[in-house]
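In case you want the letters, here they are:
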Amino acid sequence: MPCPPKSDDLVFFVNGRKVIERNVDPEVTLLSFLRKNLRLTGTKYACGRGGCGACTVMVSKRDPLSAKIRHFSITACLVPICSLYGAAVTTVEGVGSINTRLHPVQERIAKSHGTQCGFCTPGMVMSMYTLLRNHPQPSEEQLLEALGGNLCRCTGYRPILASGRTFCVRMAEKPEKQTLIFRGERVTWISPGTLKDLLELKAKHPEAPLISGNTSLGPAMKSQGHFYPILLSPARISELSMVSKTSDGLTIGAGCSLAQVKDILAERVSELPEEKTQTYRALLKHLRSLAGQQIRNMASLGGHIISRHCYSDLNPILAVGNATLNLISEEGTRQIPLNEHFLAGLASVDLKPEEILESVYIPHSQKWEFVSAFRQAQCQQNALADVNAGMRVVLKEGTDTIKDLSIAYGGVGAATVSAQKSCQQLVGRPWNELMLEEACRLLLEEVSLPGWAPGGKVEFKRTLVVSFFFKFYLEVLQELKKLVKFMPDSHHYPEISDQFLSALEDFPITGSQGVQRYQRVDSHQSLQDPVGRPIMHLSGLKHATGEAIFCDDIPMVDRELFMVLVTSTRAHAKIISVDLSQALDLPGVIDVITAEDIPGTNGTEDDKLMAVDEVLCVGHIICAVVAETELQAKSATEKIKITYEDLEPVIITINDAIKHNSFLCPEKKLEQGNVEEAFEKVDQIVEGEVHVGGQEHFYMETQRVLVIPKAEDKELDIYVSTQDPAHVQKTVSSTLNIPINRITCHVKRVGGGFGGKVGRPAVFGAIAAVGAIKTGHPIRLVLDRKDDMLITGGRHPLFGKYKVGFMNNGRIKALDIECFVNGGCMLDDSELVTEFLILKLENAYKIRNLRFRGRACMTNLPSNTAFRGFGFPQGTLITESCITAVAAKCGLLPEKIREKNMYKTVDKTIYKQAFSPETLIRCWNECLDKSSFHSRRMQVEEFNKKNYWKKKGMAIIPMKFSVGFAATSYHQVTIAQNRSKLQNPTWKACFSDPPYSAAALVHIYTDGSVLVTHGGNELGQGIHTKMLQVASRELNIPMSSLHICETSTATVPNTIATAASIGSDVNGRAVQNACQILLKRLEPIIKKNPEGTWEDWIEAAFEQRISLSATGYFRGYKAFMDWEKGEGDPFPYYVYGAACSEVEVDCLTGAHKKIRTDIVMDACCSLNPAIDIGQVEGSFIQGMGLYTTEELKYSPEGVLYSRGPDEYKIPTIADVPEEFNVSLLPSSQTPPTIYSSKGLGESGMFLGSSVFFAITDAVAAARRERDTVEDFTVRSPATPEWVRMACADRFTEMTPTAKG
Ligand SMILES: Cc1cc2nc3c(=O)[nH]c(=O)nc-3n(C[C@H](O)[C@H](O)[C@H](O)COP(=O)(O)OP(=O)(O)OC[C@H]3O[C@@H](n4cnc5c(N)ncnc54)[C@H](O)[C@@H]3O)c2cc1C
Ligand code: FES
Ligand code: FES
């Protein structure tokens, strides 16, 4: 085969433009090429692993067989550009633009309020756009499928789905047949044009992998460092896309994508009788939930089979379905069975190095043959299965005797595991209960699942092994019933009791429907006045077109360098030496920045920017490589040799910390009444424990900063994704030892923060600034997802113990709660979080005798920090668990206990702040009413009586959420402790007097246009939109005359963090103040010329030398808390709410379906109800994630395992409740806020617990029925593992302890 000596030109199209790339590097992905080379920054980087969909683009390729053009979505971060020869790529910029024409998808997602931070929006747009290219009027199912691989952390998905519902290129050239070669520095990409050439190449380079979808190779090359100097691309070989149908089976080319396989199987299922398509239907079932649509479009059948992942969803079914692999090499063809030996990788039955997989033969099933597939994952869609299985049985015709049986499991070993021995022993047995018992025993013995099973969860997995078989047993009986219906003399098969039938149904993936209610503005309000109206997010359209610029979208600046951080691999150790020599020798590496390079202070004594002698956690920053490119910097980090000496103790868990008396700060305590005395007088006492896991912020835009040093006066410009630019500015100033006035921080917009970008960005900004000063170059630092998850910490995990004393009627008389949060290795916000938790623990309940104590544990984990809700979502779960425990003991329903103990009249909290619970009660009653709670509660009970294996649960949860920071006076703490607090960003905000201060700067220009600047940052919460609504009302001009450019420390100095739900309120007051000052100055002019226009007045003011620029200031609310006395007025106001959720639980697998949620939230006079509903829905879904799926996993040595979307599951579009209703309740109260609005950023988070309590309600119903004790330790998140094991039954009893 001729092999040209030089690299070929890569030719493809992007947005209709021909791209010719000479000397293309095969290691470059499409995402990097689009962003860096073509400057198309609408396509975003968020995970780099194919798991989030932020980088979705559409690819159009000519199908080699049909010669038709196929359009499909892909994740650009996994696509090597060399694979695109001859293809056409459409990015969000190619779909539409603000300046030319918007595509309806872009327009509708923005107008449906489907964007908040907007970082996921281009990916969402591209998934929908591709769907519409293929199906102009898609079905609901197709829409959900198309969006299944796109994550959004802000919106809660409902408005995105709603925008998609409103719908219900220049083309690729035909590529030539000759071999194309693209030579990079390290890697050569060879793409032959014929099968013959491919086989010749494979013989010549047997170690070279075939790069098909790159969804398996790509992640392995990135995360496990796999490296291949030659890559062979089979993309242009039409033989690998062949499909042939015969009378006994179906042969599918190995090059077909999984999406194509799905279509092929669906077509065959529609053509053939049911009995022949058992295997195809089982495959189809898993193809619906395997990854997201983009991955299914890219991943090939051949790549899937050959990868032999232990979690493969298809291999177990193909194995039991007797599939055959058709192999081909230069030597000829041969067939091997896709069986357990092949899947285990036995060399004797494997492909030879020079062979490739050409196609896969899957035989039809026969009459009396039954095939089923099962899988259970952390969430229903876009999640790898914990366990999956393929099962097939052939019965002797007309009997119940097993003629043949095959069972294969995934997720239970290093490869797909076949239960061959068990199956052999069961042949000849009748298909009945006795066989079932024996089968379970055999299966548990054979599928032994050692303690090291991938992903752990050993007992759960063993339970699933038998639970799945039980489901299969029932399914076969059900099929037999259908089969013998018309055979009067047929064999009699065991009946399935009606109660058991529910075990057969899987939960379908359904879209969410619902109603959003809010109060319209007063009919007398001027039409121009936008306050209270559902105005679209100011950046909505720009989000949808990709024109909204985020920090890393700023074009590369002159002489820019890239920085990558090097972090500790030990949890607690002394640094013995750091050897940088090898790294510094690498090409492109400019420098390595260490603590010694810091001209000023290296953070604080307790919280150093870079570790010096000792590391306190895995992920502790030690140094940072600066290189010309990201790749060079990343490679250099691997060459830095750090030697450690491990130190004792290594404290990872809260229990370890308690044992070692390891705490970050003194205990916080509040007490009222006489708790001990009350316990002596009550009818009953219950004690219990509650565990709440931590949570990763998972903002879609990872932490990033660009520092540009200026030639003059040591000035620095810093572009940073932060909630607190003033803190970045101050930290850089002290780190570099230069005055604050030389440093300007700019924040255009932030791709999600949720508290995670309050403190940490200052650390990254300061380290990058040291690099910039030392090298004299601009420095860009963009954390990749795994480093972001490793380094930055998140929500504090909590362990709580409670003792509650109550009367038999459910009246709670005394409550004693002690809780501990895991603060990680540094103080950060942990003391404040503990305080908030204690202050808020009482939630909505009036309990006379209370004792709340809390401590922040110091452990060897990365420092945990602020997170939406700030301790409230964790702490209040204990309080609500007490309520359910009391209900169980009294034999009453939890809602009755809640009602009985709720605040009813004007009262004082445990810290003696007066408040009126009137709105709380209204929210509760409206929620009961709108959700038809009582009648549905009865229906749930009816359902539970009739169904043994599925249980429904319902819960309604009230909420009293205090908004804002608490200012605190500390009499008892030492000066040293105070000093360490004052180093902390949020503390500074609190101690600064007053604590809620905010400022704004408003300029009016001579044409009448107005530039508004304020101290809040746009995080997606719509603060800029709200600020313009305020300015528009105050100045009485349309919003179109107003503009916000960015938040900058040069325009509004000394700001507080945009956090704690108060941003819009306090900055709104400052904007209002500035506008009122300006209007006052204009008053005489307006009076003189009342008929004049705004422009006339401004012109006149200018001529009369009236200043048209004003700063506005808001001094903040009076607030304080005296912990010594246990009293204060720490919060300016409360937000009340209630949420009711209903779920259905599959007791055999632990899966759950969210049937319905109703939320009633007190918004008072919403500034913008569309944005506020977005905040409520988004935070509710984030809370639901906290309580149900988001699980951080650490090794015993403190290494975080869950470092990406594949291991850490945030809710997907399929997780939104099927019916999701949200009402904003107008309140009669008038909080002291801007136009009596309320901050709704955080409170919805806790309402996600209604799903958690609905799940535990369902589990309790199962346990009651099975006569298992009703008490169980409350553990959040309620993952499928927890639910399955809590629904104890005959199958969990079979697996009391893990083997091995
Ligand atoms: C985000 C994400 C989510 C996922 N979720 C799931 C899931 O839920 N369930 C699941 O089962 N899987 C899942 N996967 C795995 C996915 O199914 C596989 O990565 C994919 O099927 C591999 O196909 P590919 O074409 O991309 O293989 P590639 O990465 O291109 O290649 C993989 C291997 O196969 C070899 N190969 C490819 N084609 C041939 C051939 N014709 N002949 C010989 N060797 C060949 C290559 O040499 C290479 O060694 C997921 C992957 C990602 C990235
Ligand atoms: S960045 Fe590509 S899928 Fe997440
Ligand atoms: S709007 Fe979807 S991630 Fe922010």
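Residues numbered from 1 in each chain as written. Chains lettered and ligands numbered in written order. Predicted model: local features only at pLDDT ≥ 70, side-chain atom pairs only at ≥ 80, totals over all residues. Heavy atoms only, no water.

## What about the nonpolar core?
Applicable threshold: Nonpolar cores were defined as sets of buried Ala, Val, Leu, Ile, Met, Phe, Trp, Tyr and Cys residues, with membership established by side-chain atoms within 4.5 Å. The rule is simple: take the accessible area with a 1.4 Å probe, protein chains only, and divide by the maximum for that residue type; under 20% is buried, over 50% is exposed, in between is partly exposed. Put simply, DSSP marks the helices as runs of H or I at least four residues long and the strands as runs of E at least two long, and each gets a number from the N terminus on.
By size, the foremost hydrophobic cluster in this structure holds 287 residues, and its most contacted members are Tyr409, Trp431, Phe469 and Ile718. Tallying contributions element by element places helix 17 (residues 458-483) first for this core, with 14 residues. Leu31, Ile295, Leu325 and Leu327 belong to the second largest nonpolar core, which has 75 residues in total.

## Looking at the packing of helix 4 (residues 121-134) against helix 5 (residues 140-147)
Between two packed helices, the angle of one axis relative to the other and the distance separating the axes together describe the packing. This is how it is decided: Note on geometry: axes are C-alpha line fits, over the in-contact stretch for helices, and angles between N-to-C directions span 0 to 180 degrees. Oblique is the label for any angle not covered by the other classes, which are roughly parallel (under 35 degrees), roughly antiparallel (over 145) and roughly perpendicular (65 to 115). Handedness of a crossing follows from how the near helix is turned relative to the far one, being left-handed for an anticlockwise turn of less than a right angle and right-handed for a clockwise one. Note on contacts: a residue pair qualifies if any of its non-hydrogen atoms lie within 4.5 Å across the two residues.
At a minimum axis distance of 9 Å, the contact between helix 4 and helix 5 shows a crossing angle of 140 degrees. Taken together, the axes of helix 4 and helix 5 are oblique relative to one another. As for the relative orientation of helix 4 and helix 5, their crossing is right-handed in sense. Mapping the contact onto sequence places Met124, Ser127, Met128 and Leu131 in helix 4 and Gln142, Leu143, Ala146 and Leu147 in helix 5.

## Regarding the site of ligand 1
Selection rule: Throughout, the term near means that a residue has one or more heavy atoms lying within 4 Å of the molecule or strand in question. Polar contact is defined as a pair of N or O atoms within 3.5 Å, subject to the rule that within protein one atom must be able to donate a hydrogen and the other to accept it, and that residues adjacent in sequence are counted only when both atoms are side-chain atoms. For the accessible areas, the method is Shrake-Rupley and the probe is 1.4 Å, while residue cover comes only from the protein chains on display. Note that Gly is not counted as nonpolar here; it falls among the polar residues with everything else outside the nonpolar set of Ala, Val, Leu, Ile, Met, Phe, Trp, Tyr, Cys and Pro and the charged set of Asp, Glu, Lys and Arg.
Ser212, Gly213, Thr215, Leu217 and Ser300 are the nearest of the 33 residues found near ligand 1. The contact in question runs from an oxygen atom of ligand 1 to an N or O atom on the backbone of Leu210, over 2.8 Å. Leu217 places a polar main-chain atom, nitrogen or oxygen, 2.7 Å from an oxygen atom of ligand 1. Starting from 980 Å² of accessible surface for ligand 1 in isolation, the protein chains cover 92%. Taken together, the elements giving at least two residues each to the shell around ligand 1 come down to helix 12 (301-307) and strand 13 (356-363). With five residues, helix 12 is the largest single contributor of residues to the shell around ligand 1. Residues of the shell around ligand 1, tallied by class, amount to 17 nonpolar, 13 polar and three charged.

## A closer look at the sheet that holds strand 17 (residues 417-418)
Applicable threshold: In this description, strands pair whenever DSSP reports at least two bridges between them.
In space, the four strands of this open sheet follow the order 14-15-16-17, with antiparallel pairing throughout. At either end of the open sheet lies a strand with only one pairing partner, and these are strand 14 (369-377) and strand 17. Sheet contacts for helix 10 (residues 278-289): strand 14 and strand 15 (385-395); angle to strand 14, the most-contacted strand, approximately 15 degrees.

## Section: the UniProt feature "domain: FAD-binding PCMH-type" (unreviewed entry) in the protein
Threshold: UniProt positions are given in the numbering used here, feature names are shortened, and annotations may be inferred rather than shown by experiment.
Listed under "domain: FAD-binding PCMH-type" (unreviewed entry) in the UniProt record, and renumbered for this structure, are residues 182-367. Between the end C-alpha atoms of residues 182-367 the distance is 52 Å, and the span holds 35% helix and 20% strand.

## What to know about the environment of Val690
With respect to the helices, strands and loops of the structure, Val690 is situated in strand 26 (residues 684-692). For the pair formed by Val690 and Val1274, sequence separation is 584 residues and the distance between their alpha carbons is 4.9 Å. With residues up to four places along the chain from it excluded, the contact list for Val690 reads Leu798, Phe799, Gly800, Tyr802, Leu877, Ile878, Ser881 and Val1274.

## Some remarks on unusual backbone geometry
Residue Pro649 follows Glu648 across a cis peptide bond; omega there is -10 degrees. Among the structural elements, Pro649 can be located in the loop between strand 24 (641-646) and helix 21 (654-659). Backbone torsion omega between Ser1276 and Pro1277 reads 5 degrees, so that peptide bond is classified as cis. Looking at where Pro1277 falls in the secondary structure, it is placed in the loop between strand 48 (1274-1276) and helix 39 (1280-1286). With a phi angle near 70 degrees, Trp368 is a residue other than glycine that sits in the positive phi range. Examined against the element boundaries, Trp368 turns out to sit in the loop between strand 13 and strand 14. Judged by relative accessible area, Trp368 falls into the buried class, the value being 4%. Positive phi values are uncommon outside glycine, yet Tyr1235 reaches one of about 50 degrees. One can find Tyr1235 in the loop between strand 47 (1219-1225) and helix 37 (1244-1247).

## Focus on the sheet that holds strand 39 (residues 1010-1014)
Read from one edge of the open sheet, four strands run 40-39-38-42, paired in mixed fashion. Each end of this open sheet is capped by a strand with a single partner; those strands are strand 40 (1042-1043) and strand 42 (1109-1114). Relative to strand 40, strand 39 is paired through two bridges, and the arrangement is parallel. When the sheet's bridge partners are listed, Leu1011 is paired in strand 40 with His1043. Running at roughly 140 degrees to strand 42, helix 34 (residues 1063-1088) makes contact with strand 38 (998-1004), strand 39 and strand 42 of the sheet.

## Quick word on a negative patch on the surface
Defined as follows: Note on patches: the residues involved have over 30% relative accessible area and no salt bridge, like charges join within 9 Å, and the nonpolar side chains Val, Leu, Ile, Met, Phe, Trp and Tyr join within 5 Å. Should a side-chain nitrogen of Lys or Arg be within 4 Å of a carboxyl oxygen of Asp or Glu, the pair is scored as a salt bridge. Here the positive residues are Lys and Arg and the negative ones are Asp and Glu; neither His nor the chain ends is included. By convention, charge coordinates are those of NZ in Lys, CZ in Arg, CG in Asp, or CD in Glu.
Taken together, the side chains of Asp1007, Glu1095, Asp1096, Glu1099 and Glu1103 present a region of like negative charge at the surface. Residue classification places Glu1095 among the partly exposed positions, given a relative accessible area of 39%.

## Some thoughts on the side chain of Asp1065
Its place among the elements puts Asp1065 in helix 34. In this structure, Asp1065 is buried with no salt-bridge partner, the nearest side chain bearing the opposite charge being Arg1069 at 4.4 Å. Contacts of Asp1065, omitting those with residues within four sequence positions, involve Tyr1117, Tyr1133, Thr1233 and Ile1234.

## A few points about the pairing of strand 20 (residues 573-579)
Pairing of strand 20 with strand 22 (residues 614-615) involves two bridges; the strand directions are antiparallel. Note that in strand 22 the partner of Lys574 across the bridge is Glu614. As defined by bridge partners, strand 20 adjoins strand 24 across six bridges and the pair is classed as antiparallel. If you follow Ser577 over to strand 24, its bridge partner there is Thr643.

## Description of the environment of Glu479
One can find Glu479 in helix 17. Each C-alpha atom of the pair Glu479 and Ser1195 lies 45 Å from the other, and the pair is 716 residues apart in sequence. In this structure Glu479 touches Glu274, Gln278 and Phe370, once residues within four positions along its chain are discounted.

## Overview of the pattern of salt bridges
Per the counting criterion, the structure on display carries 79 salt bridges. For Arg936, the salt bridge identified is with Glu1142, shortest N-O distance 2.7 Å. Of this pair, Arg936 sits in helix 30 (residues 933-946) while Glu1142 sits in strand 45 (residues 1133-1146), placing them 206 residues apart in sequence. The buried category is assigned to Arg936, whose relative accessible area is 7%.

## Points about helix 36 (residues 1169-1188)
Operational definition: A helix is expected to span 1.5 Å for every residue after the first.
The terminal C-alpha atoms of helix 36 lie 28 Å apart, and with 20 residues this matches the ideal 28 Å at 1.5 Å per residue to within 8%. Its side-chain oxygen 3.2 Å from the backbone nitrogen of Ala1170, Asn1168 forms the N-cap of helix 36.

## Here we look at the packing of aromatic side chains
Under the convention used in this document: Pairing of aromatic rings covers Phe, Tyr and Trp, the last counted by its six-membered ring, and requires centre-to-centre distances within 6.5 Å; plane angles under 30 degrees mean stacked, over 60 mean edge-to-face, and any other angle means tilted. Two limits define a charge over a ring: the Lys NZ or Arg CZ must be within 6 Å of the ring centre, and within 35 degrees of the ring normal.
Overall, the coordinates contain 30 aromatic pairs when judged by the stated rule. Note on Phe12 and Phe33: the rings are 5.8 Å apart at their centroids and 50 degrees apart in plane angle, and the pair reads as tilted. A residue pair is termed long-range when its members are at least 10 positions apart, and Phe12 in strand 1 (residues 10-14) and Phe33 in helix 1 (residues 30-37) qualify at 21 residues. Summarising the burial analysis for this pair, Phe12 and Phe33 share the class buried. Each member of the aromatic cluster is reached from another via a ring pair, and the members are Phe470, Phe500, Tyr948, Trp949 and Phe1291. Of note, Arg785 hangs over the ring of Phe698, and the distance from its end group to the ring centre comes to 4.2 Å. When the ring centre of Tyr1235 is taken as reference, the NZ or CZ atom of Arg1033 above it lies at 4.6 Å.

## Some remarks on the UniProt feature "binding site: FAD" (unreviewed entry) in the protein
The UniProt entry lists Leu210, Ile211, Ser212, Gly213, Asn214, Thr215, Ser216, Leu217, Asp313, Leu357 and Arg375 under the feature "binding site: FAD" (unreviewed entry), expressed in the numbering used here. Over a stretch of 166 residues, the named residues are scattered through the fold, their C-alpha atoms separated by up to 28.6 Å. Residue position: Asp313 is located in the loop between helix 12 and helix 13 (315-320). Asp313 gets classed as buried once you look at its relative accessible area, which sits at 5%. Filtering out sequence-adjacent residues up to four positions away, Asp313 remains in contact with His286, Leu290, His304, Arg375, Ala385 and Asn388. Position of Leu357 among the secondary structure elements: in strand 13. What Leu357 contacts, discounting residues up to four positions off in sequence, is Leu240, Ala254, Gly302, Ile305, Ile306, Leu325, Asn326, Leu327 and Leu351.

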